[in-house]
Amino acid sequence: MLYTALVFGLISSLHCIGMCGPIAMMLPVDQKNPTKKAAQILTYQLGRLTAYGMLGGLFGLLGKGLFLAGFQQQLSILVGVLMIFIAVVPDQVFAKYNFSKPIYKVISKIKSNLGAQFKRKSPDALFTIGLLNGFLPCGMVYAALFGAIAMQNTALSISYMLLFGLGTIPMMSAVVYFSNFLSQPFRNKIQKVIPLVTILIGTLFIIRGLGLNIDYLSPSNLDLFVQAEANCHN
């Protein structure tokens, strides 16, 4: 299921352009030195990947506990349902209920520190911008984290989030070079594809949890038990 993370990252990066694109376009990069500019953008992207990896590790610990407790199939089905839920529920509903309110102070502090880093041009500032950017609330990241929870161990959860992050890099880098490289009508059309991809990936997780004895896609109950036993001894 790791491949779904890369595909999801590639598709959802068009959503990221709207949410995080302004941050990328404001990066304090050297516009006169192409080589230095590329290195600076890479540093920013490494910061984002680090944030996603940390989140993958954190949620991977939760998923591993549930996996070893024997809830791996139920967890995979639940994850699939939640991913589909995120895809079909309009963004306005999430905004209305403001699910991030309980951690509003933390998010506010992240945004404040993020703003301060734009005044600097050092590599550590660019890395920090990417790191903080990766921790900002995002529906697509939430969906990816659900996928990370359903992985069999923490290492796979981290890998899932890193692959998701890698998938977002091409578009998030291109937006720095070409701020208007995609027309708004085209972006609106792509936005309609994102929920469909999310639903497809969610469906794959549900099929995986059903234990239909399909190699690689939906292992049987016994296969899942053997994998859990192997992870216990690693």
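Above this text is the structure in question.
None of the values given here were measured: they were computed from a predicted structure.

Things to note about the overall build of the protein chain
Next, step 1: A tally of regular secondary structure across the protein chain gives nine helices and zero strands.
Next, step 2: If you list the helices and strands of the protein chain from N to C, you get α-α-α-α-α-α-α-α-α.
Next, step 3: In the protein chain, which comprises 234 residues, the proportion classed as buried is 44%.
Next, step 4: Within the protein chain, residue pairs in contact and separated by at least 24 positions form 79% of the contacts whose partners lie at least 6 positions apart.

What about the nonpolar core?
Next, step 1: Counting 28 residues, the largest nonpolar core has Phe-8, Val-141, Tyr-160, Met-161, Phe-164, Ile-201 and Phe-205 as the members making the most contacts within it.
Next, step 2: Counting residues per element, the ones that place at least two in this core are α1 (2–25), α2 (34–88), α6 (139–149), α7 (154–177) and α8 (184–209).
Next, step 3: Considering each element in turn, this core owes the most residues, seven residues, to α6.
Next, step 4: Not counting chain neighbours up to four residues away, the residues in contact with Met-161 comprise Tyr-52, Gly-56, Val-141, Ala-144, Leu-145 and Ala-148.
Next, step 5: With 17 residues, the next largest nonpolar core counts Ala-24, Val-29, Ile-110 and Val-175 among its residues.

Section: the packing of aromatic side chains
Next, step 1: Overall, the coordinates contain three aromatic pairs when judged by the stated rule.
Next, step 2: Ring geometry for Tyr-52 against Phe-164: centres 5.6 Å apart, planes inclined by 70°, an arrangement best described as edge-to-face. Here Tyr-52, found in helix α2, pairs with Phe-164, found in helix α7; they are 112 residues apart in sequence, far enough to count as distant. In terms of burial, Tyr-52 and Phe-164 fall into one category: buried.
Next, step 3: Three or more aromatic residues joined by ring pairs make a cluster, and in this case those are Phe-8, Tyr-52 and Phe-164.

Here we look at helix α5 (residues 123–135)
Next, step 1: With 13 residues, α5 should cover 18 Å at 1.5 Å per step; its first-to-last C-alpha distance of 19 Å lies within 8% of that length.
Next, step 2: Those residues of α5 that fall on the buried side of the exposure criterion are Ala-125, Leu-126, Ile-129, Gly-130, Leu-132, Asn-133 and Gly-134.

A few points about the side chain of Lys-37
Next, step 1: Structurally, Lys-37 can be placed in helix α2.
Next, step 2: One buried charged side chain, Lys-37, makes no salt bridge at all; its nearest oppositely charged neighbour is Asp-30, positioned 8.6 Å away.

A few points about the environment of Leu-42
Next, step 1: Mapped onto the elements of the fold, Leu-42 is located in helix α2.
Next, step 2: The exposed category is assigned to Leu-42, whose relative accessible area is 52%.
Next, step 3: Along the backbone, Leu-42 and Phe-127 are 85 residues apart, and their C-alpha atoms lie at a distance of 8.8 Å.

Examining the environment of Ala-24
Next, step 1: Among the structural elements, Ala-24 can be located in helix α1.
Next, step 2: Classification of Ala-24 as buried rests on a relative accessible area of 0%.
Next, step 3: Sequence-wise, Ala-24 and Ala-174 are 150 residues apart; in three dimensions their C-alpha atoms are separated by 9.5 Å.
Next, step 4: Those residues in contact with Ala-24, other than ones at most four positions away along the chain, are Tyr-44, Met-172, Val-175 and Val-176.

A word on the side chain of Gln-40
Next, step 1: Tracing the sequence through the fold places Gln-40 in helix α2.
Next, step 2: Residue classification places Gln-40 among the buried residues on the basis of a relative accessible area of 7%.
Next, step 3: If we skip the residues at most four places from it in the chain, Gln-40 touches Pro-28, Val-29, Asp-30, Lys-121 and Leu-126.

Comments concerning a nonpolar patch on the surface
Next, step 1: Judged by side-chain polarity, Leu-6, Leu-10 and Leu-166 come together as a nonpolar surface patch covering roughly 240 Å² of accessible area.
Next, step 2: The exposure class of Leu-166 is partly exposed, given its relative accessible area of 42%.

Overview of the environment of Pro-22
Next, step 1: Summarising the element assignment, Pro-22 is placed in helix α1.
Next, step 2: It is 9.1 Å that separates the C-alpha atoms of Pro-22 and Val-176, two residues lying 154 residues apart in sequence.

Topic: α7
Next, step 1: The terminal C-alpha atoms of α7, which comprises 24 residues, lie 35 Å apart, in line with the 34 Å expected from a rise of 1.5 Å per residue.
Next, step 2: At Ile-169, α7 shows its largest kink, close to 35°, and the proline Pro-170 lies no more than four residues downstream.

Comments concerning the packing of α6 against α7
Next, step 1: Where α6 contacts α7, the axes come no closer than 9 Å and their chain directions differ by 150°. The pairing of α6 with α7 is recorded here as roughly antiparallel in orientation. Crossing hand, α6 versus α7: right-handed. Each of Met-140, Val-141, Ala-144, Leu-145, Gly-147 and Ala-148 in α6 lies in contact with α7, whose residues at this interface are Ser-157, Tyr-160, Met-161 and Phe-164.
Next, step 2: Each residue belonging to the contact of α6 with α7 can be placed in one class, and the counts come to eight nonpolar, two polar and no charged.

Conventions used here
Residues numbered from 1 in each chain as written. Predicted model: local features only at pLDDT ≥ 70, side-chain atom pairs only at ≥ 80, totals over all residues. Heavy atoms only, no water. Helix = DSSP H or I, 4+ residues; strand = E, 2+ residues; numbered from the N terminus. Buried < 20%, exposed > 50% of the residue type's maximum accessible area, 1.4 Å probe, protein only. Contact = heavy atoms within 4.5 Å. Core = buried A, V, L, I, M, F, W, Y, C linked by side-chain atoms within 4.5 Å. Phe/Tyr/Trp six-rings, centres within 6.5 Å; stacked < 30°, edge-to-face > 60°. Expected span 1.5 Å × (residues − 1). Lys, Arg positive; Asp, Glu negative; His and termini not counted. Salt bridge = Lys/Arg side-chain N within 4 Å of Asp/Glu carboxyl O. Patch = residues over 30% accessible without salt bridge, like charges linked within 9 Å, V, L, I, M, F, W, Y side chains within 5 Å. Areas by Shrake-Rupley, 256 points an atom, 1.4 Å probe, with all protein chains shown as cover. Bend = angle between axes of the 7 residues up to and from the residue. Axes fitted to C-alpha atoms, helices over the stretch in contact; angles between N-to-C directions. Parallel < 35°, antiparallel > 145°, perpendicular 65-115°, else oblique. Left-handed = near helix turned anticlockwise from the far one by under 90°. Nonpolar A, V, L, I, M, F, W, Y, C, P; charged D, E, K, R; others polar.

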